[in-house]
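Geometric and topological summary
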Amino acid sequence: MNMMEMVLALLATVLFTTLSLTYNQAVWAQTDYLNNATMVVQASQICHSILDEADAKLFSQQYTLNDLVTKYNYTKTTNYSHLAASFTVKAETKKCDEWGEILADQSGLSMYRKMTITVTGHSYLQRPYSMTRLFTDSFIR
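Residues numbered from 1 in each chain as written. Predicted model: local features only at pLDDT ≥ 70, side-chain atom pairs only at ≥ 80, totals over all residues. Heavy atoms only, no water.

Examining the overall build of the chain
Threshold: Segments assigned H or I by DSSP are reported as helices when at least four residues long, segments assigned E as strands when at least two residues long, and all are numbered from the N terminus. The reference for a compact globule is 2.2 Å times residues^0.38; the radius of gyration itself is calculated from the C-alpha atoms. Throughout, exposure labels follow a simple rule: accessible area from a 1.4 Å probe, protein chains only, divided by the maximum for the residue type, with under 20% read as buried, over 50% as exposed, and the rest as partly exposed. All accessibility values rest on the Shrake-Rupley procedure with a 1.4 Å probe; residue burial counts only the protein chains present in the view. Think of it this way: Lys and Arg go in the positive column, Asp and Glu in the negative one, and His and the chain ends go nowhere. The atoms used to mark charge sites are NZ of Lys, CZ of Arg, CG of Asp and CD of Glu.
Helix and strand counts for the chain stand at 2 helices and 4 strands. Secondary structure elements of the chain, listed N to C terminal, follow the sequence α-α-β-β-β-β. Radius of gyration (C-alpha) of the chain: 26 Å, far over the 14 Å computed for a compact globule of 141 residues. Counting only C-alpha atoms and orienting by the principal axes, one finds that the chain spans roughly 95 × 30 × 25 Å. Across the 141 residues in the chain, those meeting the buried criterion constitute 25%. A total of about 9,800 Å² of accessible surface is found on the chain, and carbon and sulfur atoms cover 60% of it. Placing the 11 positive and 12 negative side-chain charges of the chain at their respective mean positions leaves the two points 7 Å apart.

Re the packing of aromatic side chains
Keep this limit in mind: Aromatic rings from Phe, Tyr and Trp, with only the six-membered ring used for Trp, were paired whenever their centres fell within 6.5 Å, and each pair was classed as stacked if the ring planes differed by under 30 degrees, edge-to-face if by over 60, and tilted otherwise.
Tallied over the full model, the rule gives 2 aromatic pairs. A ring pair is formed by Y72 and Y74, whose centres lie 6.4 Å apart and whose planes are at 40 degrees; its orientation type is tilted. Judged by its relative accessible area of 2%, Y72 is buried. Classification of Y74 by relative accessible area gives partly exposed; the value is 22%. Feature note: the residues Y63, Y72 and Y74 constitute an aromatic cluster, connected by ring pairs.

Overview of the sheet that holds strand 2 (residues 85-96)
Note the cut-off: Pairing between two strands is assigned when DSSP locates at least 2 bridges connecting them. Between N-to-C directions, angles span 0 to 180 degrees; the directions come from axes that are lines fitted to C-alpha atoms, helices contributing only their stretch in contact. Contacts are assigned to residue pairs that have any heavy atoms within 4.5 Å of one another.
Pairing is antiparallel in the open sheet, where 4 strands are placed in the order 1-2-3-4. Strands at the two margins of the open sheet, each flanked by one partner only, are strand 1 (74-80) and strand 4 (129-136). Sheet twist, expressed as the average angle between the axes of neighbouring strands with direction ignored, equals 20 degrees. Pairing geometry for strand 1 and strand 2, over 7 bridges, is antiparallel. What sits directly across from T77, in strand 2, is T88. Each of strand 1, strand 2, strand 3 (112-120) and strand 4 touches helix 1 (residues 3-59); the most contacted strand, strand 4, lies at about 15 degrees to it.

A word on a nonpolar patch on the surface
What counts, and what does not: Patch members must show over 30% relative accessible area and no salt bridge, and they are joined within 9 Å when carrying like charges or within 5 Å when they are nonpolar side chains of Val, Leu, Ile, Met, Phe, Trp or Tyr. We define a salt bridge as a side-chain nitrogen of Lys or Arg found within 4 Å of a carboxyl oxygen belonging to Asp or Glu.
On the surface, M1, M3, M4, M6, V7, L8 and L11 cluster together into a nonpolar patch covering about 790 Å² of accessible area. Tracing the sequence through the fold places M3 in helix 1. Among the residues examined, M3 registers a relative accessible area of 61% and is labelled exposed.

A look at the state of the cysteines
In plain terms, the rule: By convention in this document, the label disulfide applies to cysteine sulfur atom pairs within 2.5 Å.
Evaluated as defined, the whole model comprises 0 disulfides. Counting only cysteine sulfurs, C96 is the nearest neighbor of C47, a cysteine outside any disulfide, at a range of 18 Å. For C47, a relative accessible area of 0% puts it in the buried group. C96 sits in the buried class, given a relative accessible area of 1%.

A word on helix 1
As a reminder, the rule being used: Residue count minus one, scaled by 1.5 Å, sets the expected span of a helix. Identification of polar contacts relies on pairs of N or O atoms within 3.5 Å, with a donor-acceptor requirement for protein atoms, meaning one able to donate a hydrogen and the other able to accept it, and with residues adjacent in sequence counted only if both atoms are side-chain atoms.
The end-to-end C-alpha separation of helix 1 is 84 Å, in line with the 84 Å expected for 57 residues at 1.5 Å each. Within helix 1, the full set of buried residues consists of N36, M39, Q42, A43, S44, I46, C47, I50, L51, A54 and L58. On its buried side, helix 1 packs onto helix 2 (65-71), strand 1, strand 2, strand 3 and strand 4. N-cap assignment for helix 1: the residue whose side-chain oxygen lies 3.2 Å from the backbone N of M4 is N2. Immediately downstream of helix 1, the backbone of Q61 shows phi near 65 degrees, a positive value.

See the structure below:
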């Protein structure tokens, strides 16, 4: 093997390792994007399920509008084995006006409740995910 063949073999090795490192980094970046998206979707599903549960209990008359303030003010940790992740779920319900502005006097009368669900937790969920819904008392039952 002469000098030129050795140089070509060395250049081929450098090219191959550079390409493999580049592809490897791209795959890891895509994996991170996928994990981030999975956690955001899961946080969204958690928020929707709690808000829909409150809707269903109001509609079926299991809860009154005032029950929302007492039943949906909590912080709990939820574990999901299929994701190998745990989330902290904070539910907060307050009396508000028709535009969703929280009333200063929470003991007063109001036919509106603002429920905010905030999910935090896993490192892939980079920012807390929050969802809000306004509930109103209706006479259609």
